[in-house]
Amino acid sequence: MSRESNQQNAGFDIHEDGDGTITFFFHGRLDMSTAPACLRRLSSIKSRRPPKLLIVDLAEVSRMDDYGAMVILQLMQKLNLGSDSLEFANADESHQKTLSRVDFGRTARAMPFGRPGNIIVQLGESSINAVKGALFFVEFIGSMVFAFLKAIKQPRSFRANDTIRYMKTTGVDALPVVGLISFLLGLVMAFMSSLQLSQFGANIYVASLVGVAMVSELGPIMTAIIVSGRSGSAYAAEISTMKISEEIDALAVMGFDPNLFLVIPRMIAAMVVVPILTVFSNIFAIAGGMTIGVFILDLSPGMYMARTIEALTLFEIMWGLLKALVFAVLIALTGCFRGFQAKGGADAVGNAATSAVVTSIFLIILFDSIFAVIRSYW
Amino acid sequence: MNREEIVRVKNLVVRYGRDLILKDISFSVQEKEIFIIVGGSGSGKTTLMRHMVGLEAPAAGQIFIGETDISAVSEDRFFNTLKHIGVLFQSSALIGSMTVAENVALPIAEFSNLSTGAVAAMVEIKLSLVGLEGYADHLPSEISGGMKKRAGLARALALNPDILFLDEPSAGLDPVIASEIDSLILHINQTLGTTIIIVTHDLDSIFTLGQRAIMLDKSSKNIIAQGTPADMRDNNPNPVVRRFFSRKPADSLVKS
């Protein structure tokens, strides 16, 4: 138990011969406690022409460990010397023991710590990874289609209980948050639009504005974003945990199709539940709009509802629900895909969950734009 | 043997909630020896080790590392004591997002006041001590179980500890790798003079390495045998001990 630092007896004296031999007389302790001080003194020595021979004299060294050996290594690097021009003098038995544990030649040559390659290599590597990721995604979608066909052909292999459980966690458990957010969204939309519309005395159009905006656009998007944050990330986390703990391999070895076992139930649950949640979201948002309409804009509830119903068409509602269905597929697909992609340790779970949310929100917005384009050229 | 007692456990009692795990345990470990804590699964050997390195506080009793009672000491003093011990966990406990070299560099960079280059050189020395040259830049997930143990050992040895705690160093390894790890442990003990405390139930390791051992028992929650491993195997009257060392179930013992 002796590691109190006593730096005053850390150190060395240098003796140079005319014939190119340089001798370092170390004294005191040459171990973990004195190594930083020795290195500091070494770094203040000016670099010079490499000597022919470096002699390290250990006669006065009371105690030496591998941190001391490291000091000698650094000295060699400083002097630009290989191990063949290094000699030890007056090393006693314990010093010998320490020195024998360190391969001076090899360790001096070894490049400590790998550096990342230069920028071109990095660019190439990340491009290759991106292509690999895309290929994996295509493969994944293909195997999903097969799993679906299998589930239809062999309904017994379809896991109904799991599906119902996922419907509960994805749908029923999300109701409060979807309801609250949609209600507030409806409130805000109605209030903000009334500020403008009241200038024209057109308060009554608040009802149709909230109704149409929610049903055809915001309802499906808000619901999908909430579900992807709540459940898409959960799918990715669950599946990636199973992946890194070899549970998926275990399923495969037992003869289960991991896609059929893990993805199809989640996918079907999402496809059933997200459109229903969207309907709820629409209803809550319209209720929020009506709250503003009745209490601030002095509209009657009956009139508000009548305007809303008048503004909405069946096509509009079905269009919104179709979008919700597509978003559901995207959420389940990216969540499960990111989960299957996970590799490595526990940090892979966090990465999978994060990238599942980011990817699915991106895809939701992208597909929403595609839907908008389709509609405008219908 | 007139060596200093470097670790002393006095009347240690461990409880988890209402469950009594260890009942009134006392023993001591001498400087520079390899000391083995033996016991069947569930006998509390890992729990004992977790208390000895201060990860858990005992319900009663004292644990001395050197002169410090780590169960009743200020945060600062305990922290100082920690620098004198190294621990290899059963799972190796390497940090998954860091390379082998970064794992070993972690304690060196934090506690030794050295420049980056010097730390890197130290890491290289430590890795070659455990025979892991050339694996510095691998992630823990990319190396085998035996290499993980070696890397964990290099990290445990990073600050040249006086005492090394090893939790089941050969668990989950094949016999060849396990014996390699055993000889590495012997080598460390002989060349560095590190006191080594091993928790294991691997009979080969016990007889190859153990200079002294204690055996814990699940039912009595106490030490049921101590001494040299060979002595425990050959001369102990307790059937539980004999059964453990002869690797036989209770029935065959009755018949023979």
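So, here's what we can say about the structure. This is a predicted model, so every value here is computed, not measured.

1. Considering the side chain of Asp167(B)
Residue and element names in this part refer to chain B. With respect to the element layout, Asp-167 can be found in strand β7 (residues 163-167). No salt bridge is formed by the buried Asp-167; the nearest opposite charge belongs to Lys-45, separated by 6.9 Å. Among residues more than four places away in sequence, those in contact with Asp-167 are Thr-46, Met-49, Leu-88, Phe-89, Gln-90 and Val-199.

2. What to know about the pairing of strand β9 (residues 212-217) of chain B
Residue and element names in this part refer to chain B. Buried residues dominate β9, accounting for five of its six residues. Relative to β9, strand β3 (residues 34-39) runs parallel, the two being bridged by five bridges. Across the sheet, residue Ile-37 finds its bridge partner in β9, namely Ile-214. Connecting the antiparallel pair β9 and strand β10 (residues 222-227) is a turn made up of four residues, with Lys-221 showing a positive phi of about 55°.

3. Details of helix α5 (residues 145-156) of chain B
All names here are of chain B. With 12 residues, α5 ought to run about 16 Å at 1.5 Å a step, and its terminal C-alpha atoms sit 16 Å apart, in line with that. Burial of α5 is extensive: nine of the 12 residues sit out of reach of the surface. Considered for burial, the residues of α5 that qualify are Gly-146, Lys-149, Arg-150, Ala-151, Gly-152, Leu-153, Ala-154, Arg-155 and Ala-156. Those residues of α5 that are buried lie in contact with β6 (85-88), α3 (100-111), α4 (116-129), β7 and α6 (175-192).

4. Topic: helix α13 (residues 347-376) of chain A
Residues and elements named next belong to chain A. Here α13 is 30 residues long and its end C-alpha atoms lie 44 Å apart, about the 44 Å a rise of 1.5 Å per residue gives. Those residues of α13 not exposed but buried are Ala-348, Val-349, Ala-352, Ala-353, Ala-356, Val-357, Thr-359, Ser-360, Leu-363, Ile-364, Asp-368 and Phe-371. In this structure, the buried residues of α13 make contact with α8 (205-244) and α12 (314-341).

5. Concerning the packing of helix α6 (residues 160-170) of chain A against helix α10 (residues 258-295) of chain A
All names here are of chain A. In the contact formed by α6 and α10, the axes pass within 8 Å of each other and the chain directions differ by 45°. Judged on the interaxial angle alone, α10 and α6 are oblique. Crossing angle aside, the handedness with which α6 passes α10 is right-handed. Facing α6, whose interface residues are Asp-162, Thr-163, Tyr-166, Met-167 and Thr-170, α10 presents Phe-261, Pro-265, Arg-266, Ile-268, Ala-269, Val-272, Val-273 and Leu-277. Split by residue class, the contact of α6 with α10 holds nine nonpolar, two polar and two charged.

6. Here's the deal with the environment of Val240(B)
Residue and element names in this part refer to chain B. With respect to the element layout, Val-240 can be found in helix α9 (residues 239-246). With relative accessibility at 28%, the residue Val-240 sits in the partly exposed group. Sequence-wise, Val-240 and Ile-224 are 16 residues apart; in three dimensions their C-alpha atoms are separated by 8.7 Å.

7. Comments concerning the sheet that holds β7(B)
Residues and elements named next belong to chain B. Reading across from one edge, β6-β7-β8-β3-β9-β10 is the order of the six strands in this open sheet, with mixed pairing throughout. Across the chains shown, the open sheet's two edge strands, defined by having one partner strand only, are β6 and β10. On average, each strand axis in the sheet is tilted by 15° relative to the strand beside it, whichever way the strands run. In the sheet, β6 pairs with β7 via four bridges, with the strands oriented parallel. Opposite Gly-86, over in β7, you have Leu-164 as the bridge partner.

Conventions used here
Residues numbered from 1 in each chain as written. Chains lettered and ligands numbered in written order. Predicted model: local features only at pLDDT ≥ 70, side-chain atom pairs only at ≥ 80, totals over all residues. Heavy atoms only, no water. Helix = DSSP H or I, 4+ residues; strand = E, 2+ residues; numbered from the N terminus. Buried < 20%, exposed > 50% of the residue type's maximum accessible area, 1.4 Å probe, protein only. Lys, Arg positive; Asp, Glu negative; His and termini not counted. Salt bridge = Lys/Arg side-chain N within 4 Å of Asp/Glu carboxyl O. Contact = heavy atoms within 4.5 Å. Pairing = 2+ DSSP bridges. Expected span 1.5 Å × (residues − 1). Axes fitted to C-alpha atoms, helices over the stretch in contact; angles between N-to-C directions. Parallel < 35°, antiparallel > 145°, perpendicular 65-115°, else oblique. Left-handed = near helix turned anticlockwise from the far one by under 90°. Nonpolar A, V, L, I, M, F, W, Y, C, P; charged D, E, K, R; others polar.

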